[in-house]
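Structural description and commentary
These are the residues of each chain, in order.
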Amino acid sequence: MGSIAKDPREDVIQAWYMDDSDEDQRLPHHREPKEFVSLDKLAELGVLSWRLDADNYETDEELKKIREARGYSYMDFCEVCPEKLPNYEEKIKNFFEEHLHTDEEIRYCVAGSGYFDLRDRNDAWIRVWVKKGGMIVLPAGIYHRFTLDSDNYIKAMRLFVGDPIWTPYNRPHDHLPARKEYIESFVHAEGAGCAVNAAA
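In the annotation of an unreviewed UniProt entry, the chain is listed under the name Acireductone dioxygenase and assigned to Nicotiana tabacum. Quoted straight from UniProt, the Pathway (unreviewed entry) entry for the chain says "Amino-acid biosynthesis; L-methionine biosynthesis via salvage pathway; L-methionine from S-methyl-5-thio-alpha-D-ribose 1-phosphate: step 5/6."

Shown next as C-alpha coordinates:
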(Lines give C-alpha, C1' and ligand atoms only; values in the text may rest on other atoms or scores of the structure.)
Protein backbone atom coordinates (compact mmCIF):
# COMPACT_ATOMS: atom_id res chain seq x y z
CA MET A 1 0.00 0.00 0.00
CA GLY A 2 1.38 3.41 -0.93
CA SER A 3 1.14 6.30 1.48
CA ILE A 4 -2.30 7.87 1.66
CA ALA A 5 -2.34 11.42 0.34
CA LYS A 6 -3.09 13.99 3.01
CA ASP A 7 -6.57 15.49 2.90
CA PRO A 8 -6.07 19.16 1.89
CA ARG A 9 -8.93 20.15 4.22
CA GLU A 10 -6.72 19.28 7.19
CA ASP A 11 -4.63 22.41 6.56
CA VAL A 12 -7.63 24.59 7.37
CA ILE A 13 -9.84 22.39 9.59
CA GLN A 14 -8.59 20.36 12.54
CA ALA A 15 -10.55 18.68 15.31
CA TRP A 16 -9.74 17.16 18.68
CA TYR A 17 -11.36 16.06 21.93
CA MET A 18 -11.38 18.76 24.58
CA ASP A 19 -10.13 18.58 28.15
CA ASP A 20 -12.40 19.51 31.06
CA SER A 21 -10.42 22.54 32.18
CA ASP A 22 -12.30 25.83 32.62
CA GLU A 23 -9.26 27.91 31.64
CA ASP A 24 -9.66 30.65 29.01
CA GLN A 25 -12.07 29.34 26.34
CA ARG A 26 -9.76 30.73 23.62
CA LEU A 27 -6.99 28.24 24.46
CA PRO A 28 -6.84 24.99 22.43
CA HIS A 29 -7.96 22.77 25.36
CA HIS A 30 -6.26 19.61 24.09
CA ARG A 31 -6.52 16.46 26.16
CA GLU A 32 -3.30 14.97 27.48
CA PRO A 33 -2.18 13.10 25.39
CA LYS A 34 -3.74 14.91 22.42
CA GLU A 35 -6.68 13.08 20.85
CA PHE A 36 -7.37 14.24 17.31
CA VAL A 37 -10.64 13.57 15.48
CA SER A 38 -10.68 12.86 11.75
CA LEU A 39 -12.84 14.76 9.28
CA ASP A 40 -14.48 11.41 8.48
CA LYS A 41 -15.52 11.09 12.12
CA LEU A 42 -16.99 14.62 11.92
CA ALA A 43 -18.90 13.55 8.81
CA GLU A 44 -20.39 10.64 10.82
CA LEU A 45 -21.78 13.31 13.16
CA GLY A 46 -23.30 15.13 10.18
CA VAL A 47 -20.62 17.83 9.95
CA LEU A 48 -19.59 18.61 6.36
CA SER A 49 -16.35 20.37 5.45
CA TRP A 50 -14.56 21.88 2.48
CA ARG A 51 -11.34 23.69 1.72
CA LEU A 52 -11.99 26.65 -0.59
CA ASP A 53 -10.06 29.56 -2.07
CA ALA A 54 -10.74 32.29 0.48
CA ASP A 55 -8.84 34.95 -1.51
CA ASN A 56 -11.22 34.58 -4.45
CA TYR A 57 -14.55 33.76 -2.81
CA GLU A 58 -16.39 36.22 -5.10
CA THR A 59 -15.48 34.25 -8.23
CA ASP A 60 -14.87 30.77 -6.81
CA GLU A 61 -16.60 28.20 -9.01
CA GLU A 62 -16.46 25.51 -6.32
CA LEU A 63 -18.28 27.72 -3.81
CA LYS A 64 -20.84 28.53 -6.49
CA LYS A 65 -21.42 24.81 -7.12
CA ILE A 66 -21.85 24.09 -3.39
CA ARG A 67 -24.32 26.96 -3.03
CA GLU A 68 -26.35 25.79 -6.02
CA ALA A 69 -26.31 22.12 -5.00
CA ARG A 70 -27.38 22.88 -1.42
CA GLY A 71 -29.74 25.78 -2.15
CA TYR A 72 -27.78 28.43 -0.19
CA SER A 73 -29.47 31.51 -1.63
CA TYR A 74 -28.67 33.91 1.24
CA MET A 75 -25.16 35.15 2.04
CA ASP A 76 -23.64 37.73 4.37
CA PHE A 77 -20.48 38.25 6.43
CA CYS A 78 -19.92 38.34 10.16
CA GLU A 79 -16.73 39.79 11.62
CA VAL A 80 -16.08 38.76 15.20
CA CYS A 81 -13.45 40.79 17.04
CA PRO A 82 -13.52 43.38 19.83
CA GLU A 83 -13.25 46.32 17.39
CA LYS A 84 -15.91 45.27 14.87
CA LEU A 85 -18.68 43.54 16.80
CA PRO A 86 -21.07 45.68 18.86
CA ASN A 87 -21.57 44.31 22.42
CA TYR A 88 -18.58 42.05 21.78
CA GLU A 89 -18.20 40.60 25.30
CA GLU A 90 -21.91 39.79 25.58
CA LYS A 91 -22.06 38.28 22.08
CA ILE A 92 -19.01 36.09 22.68
CA LYS A 93 -20.62 34.85 25.89
CA ASN A 94 -23.84 34.06 24.00
CA PHE A 95 -21.99 32.29 21.16
CA PHE A 96 -20.30 30.09 23.78
CA GLU A 97 -23.60 29.00 25.39
CA GLU A 98 -24.32 25.46 24.25
CA HIS A 99 -27.22 25.62 21.77
CA LEU A 100 -28.78 24.20 18.64
CA HIS A 101 -30.52 25.63 15.59
CA THR A 102 -33.48 24.27 13.67
CA ASP A 103 -31.56 24.84 10.41
CA GLU A 104 -28.01 24.09 9.29
CA GLU A 105 -25.28 26.46 10.42
CA ILE A 106 -22.96 27.20 7.49
CA ARG A 107 -19.74 29.09 8.16
CA TYR A 108 -16.95 29.79 5.67
CA CYS A 109 -13.86 31.37 7.21
CA VAL A 110 -12.47 33.93 4.74
CA ALA A 111 -10.02 35.48 7.25
CA GLY A 112 -8.80 34.73 10.78
CA SER A 113 -9.85 31.58 12.65
CA GLY A 114 -12.10 30.29 15.41
CA TYR A 115 -13.35 27.25 17.30
CA PHE A 116 -16.65 25.49 16.73
CA ASP A 117 -17.23 23.04 19.58
CA LEU A 118 -19.74 20.23 19.12
CA ARG A 119 -20.93 17.15 20.99
CA ASP A 120 -20.11 13.63 19.88
CA ARG A 121 -22.49 10.68 20.33
CA ASN A 122 -21.35 10.22 23.93
CA ASP A 123 -21.82 13.91 24.70
CA ALA A 124 -18.07 14.63 24.79
CA TRP A 125 -16.90 17.97 23.37
CA ILE A 126 -15.00 17.99 20.08
CA ARG A 127 -13.24 21.28 19.25
CA VAL A 128 -13.15 22.07 15.52
CA TRP A 129 -10.57 24.69 14.58
CA VAL A 130 -11.54 26.43 11.35
CA LYS A 131 -8.97 28.63 9.64
CA LYS A 132 -8.95 30.78 6.51
CA GLY A 133 -10.26 28.71 3.60
CA GLY A 134 -12.20 26.25 5.76
CA MET A 135 -15.97 25.90 5.40
CA ILE A 136 -18.12 23.76 7.69
CA VAL A 137 -21.78 22.90 7.84
CA LEU A 138 -23.21 21.93 11.22
CA PRO A 139 -26.44 19.97 10.83
CA ALA A 140 -29.72 21.21 12.29
CA GLY A 141 -30.24 19.87 15.80
CA ILE A 142 -26.58 19.36 16.82
CA TYR A 143 -25.56 20.93 20.13
CA HIS A 144 -22.63 23.28 19.60
CA ARG A 145 -21.02 26.59 20.54
CA PHE A 146 -18.48 29.03 19.10
CA THR A 147 -15.52 30.99 20.40
CA LEU A 148 -12.58 32.85 18.95
CA ASP A 149 -9.09 31.45 19.45
CA SER A 150 -6.29 33.51 20.99
CA ASP A 151 -5.93 35.60 17.79
CA ASN A 152 -9.33 37.17 18.58
CA TYR A 153 -10.45 37.54 14.97
CA ILE A 154 -12.59 35.76 12.40
CA LYS A 155 -14.39 36.93 9.30
CA ALA A 156 -16.94 34.35 8.28
CA MET A 157 -19.33 34.10 5.38
CA ARG A 158 -22.74 32.92 6.57
CA LEU A 159 -24.90 31.03 4.10
CA PHE A 160 -28.52 30.04 4.43
CA VAL A 161 -31.39 28.48 2.50
CA GLY A 162 -33.99 31.24 2.02
CA ASP A 163 -34.44 33.93 4.67
CA PRO A 164 -31.96 33.48 7.53
CA ILE A 165 -33.16 32.46 10.97
CA TRP A 166 -30.32 32.62 13.48
CA THR A 167 -32.36 31.69 16.58
CA PRO A 168 -30.26 29.74 19.11
CA TYR A 169 -32.09 27.28 21.37
CA ASN A 170 -29.93 26.85 24.45
CA ARG A 171 -29.60 23.34 25.82
CA PRO A 172 -31.82 21.55 26.77
CA HIS A 173 -34.16 21.68 23.79
CA ASP A 174 -34.42 17.94 23.13
CA HIS A 175 -38.13 18.14 22.31
CA LEU A 176 -37.58 20.13 19.09
CA PRO A 177 -38.22 18.15 15.87
CA ALA A 178 -34.78 19.21 14.55
CA ARG A 179 -33.12 17.64 17.60
CA LYS A 180 -35.14 14.44 17.31
CA GLU A 181 -34.29 14.19 13.60
CA TYR A 182 -30.61 14.76 14.33
CA ILE A 183 -30.56 11.99 16.95
CA GLU A 184 -32.35 9.62 14.59
CA SER A 185 -30.06 10.38 11.66
CA PHE A 186 -26.67 10.60 13.36
CA VAL A 187 -26.77 9.33 16.95
CA HIS A 188 -28.95 6.23 16.64
CA ALA A 189 -28.15 5.68 12.97
CA GLU A 190 -27.14 2.28 11.61
CA GLY A 191 -23.52 1.68 12.59
CA ALA A 192 -23.45 4.66 14.96
CA GLY A 193 -22.86 2.37 17.90
CA CYS A 194 -19.50 1.21 16.49
CA ALA A 195 -18.01 4.68 16.85
CA VAL A 196 -17.27 4.34 20.54
CA ASN A 197 -15.33 7.19 22.07
CA ALA A 198 -11.98 5.64 23.01
CA ALA A 199 -11.80 7.75 26.14
CA ALA A 200 -15.23 6.69 27.42
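Brief notes about empty space enclosed by the protein
Unoccupied space between atoms shows up once a probe the size of one water molecule is rolled over them. In the structure shown here, the tally under the stated rule is one cavity of 30 Å³ or more. Each pocket or cavity is described by its volume, and for the largest cavity that value is around 40 Å³. Along the lines of polarity and charge, the residues of the lining of the largest cavity split into three nonpolar, one polar and four charged.

Quick notes on the layout of surface pockets
The computed volume of the largest pocket comes to approximately 460 Å³. What lines the largest pocket is a set of 21 residues, and nearest its centre among them are Phe 95, His 99, Glu 105, Arg 107 and Arg 158. Contributing elements (two or more residues each) for the lining of the largest pocket: strand S4 (74-80), helix H3 (88-95), strand S6 (105-119), strand S9 (144-148) and strand S10 (154-160). Classifying every residue of the lining of the largest pocket gives 10 nonpolar, five polar and six charged. Here the lining of the second largest pocket is built from residues that sort into four nonpolar, three polar and seven charged.

Regarding the UniProt feature "binding site: Ni(2+)" (unreviewed entry) in the chain
Following the UniProt record, one finds the feature "binding site: Ni(2+)" (unreviewed entry) at His 99, His 101, Glu 105 and His 144. Across 46 residues of sequence, these annotated residues stay compact in space, with a maximum C-alpha separation of 11.5 Å. Of the annotated set, the members that line the largest cavity are His 101 and Glu 105. Every residue in contact with His 99, bar those within four places of it in the chain, is listed here: Glu 105, Ile 142, Tyr 143, His 144, Arg 145, Pro 168, Tyr 169, Asn 170 and Arg 171. A polar atom in the side chain of His 99 sits 3.3 Å from the side chain of His 101. Along the chain, His 144 falls in strand S9. The class of His 144 is buried, set by a relative accessible area of 3%.

Comments concerning the side chain of Asp 76
Relative to the elements of secondary structure, Asp 76 occurs in strand S4. With residues near it in sequence (within four places) discarded, Asp 76 still touches Ala 156, Met 157, Arg 158 and Trp 166.

Overview of the confidence of the model for the chain
Put simply, the chain has an average pLDDT of 93, and 93% of its residues get 70 or more. Here residues 193-200 is modelled with pLDDT under 50, and outside its nearest four sequence neighbours on either side it reaches 14 contacts, counting other chains as well.

As for the pattern of salt bridges
Taken as a whole and judged by the stated rule, the model has 16 salt bridges. Between Asp 7 and Arg 9 there is a salt bridge, with its nearest N and O atoms 2.7 Å apart. Arg 121 is the salt-bridge partner of Glu 44, the closest N and O atoms lying 3.7 Å from each other. With Glu 44 in helix H1 (residues 39-44) and Arg 121 in the loop between S6 and strand S7 (125-131), this pair connects stretches of sequence that are 77 residues apart. Note on Glu 44: relative accessible area 39%, which makes it partly exposed.

Calculation rules
- Residues numbered from 1 in each chain as written.
- Predicted model: local features only at pLDDT ≥ 70, side-chain atom pairs only at ≥ 80, totals over all residues.
- Heavy atoms only, no water.
- UniProt positions renumbered as here; feature names shortened; annotations may be inferred.
- 1 Å grid on protein atoms, 1.4 Å probe; cavity = no way out; pocket = protein on both sides within 12 Å on 5 of 7 lines; lining within 4 Å.
- Points joined across faces, edges and corners; volume = space filled by probe spheres on them.
- Nonpolar A, V, L, I, M, F, W, Y, C, P; charged D, E, K, R; others polar.
- Helix = DSSP H or I, 4+ residues; strand = E, 2+ residues; numbered from the N terminus.
- Contact = heavy atoms within 4.5 Å.
- Polar contact = N/O pair within 3.5 Å; in protein donor to acceptor, adjacent residues only side chain to side chain.
- Buried < 20%, exposed > 50% of the residue type's maximum accessible area, 1.4 Å probe, protein only.
- pLDDT = per-residue confidence, 0-100.
- Salt bridge = Lys/Arg side-chain N within 4 Å of Asp/Glu carboxyl O.

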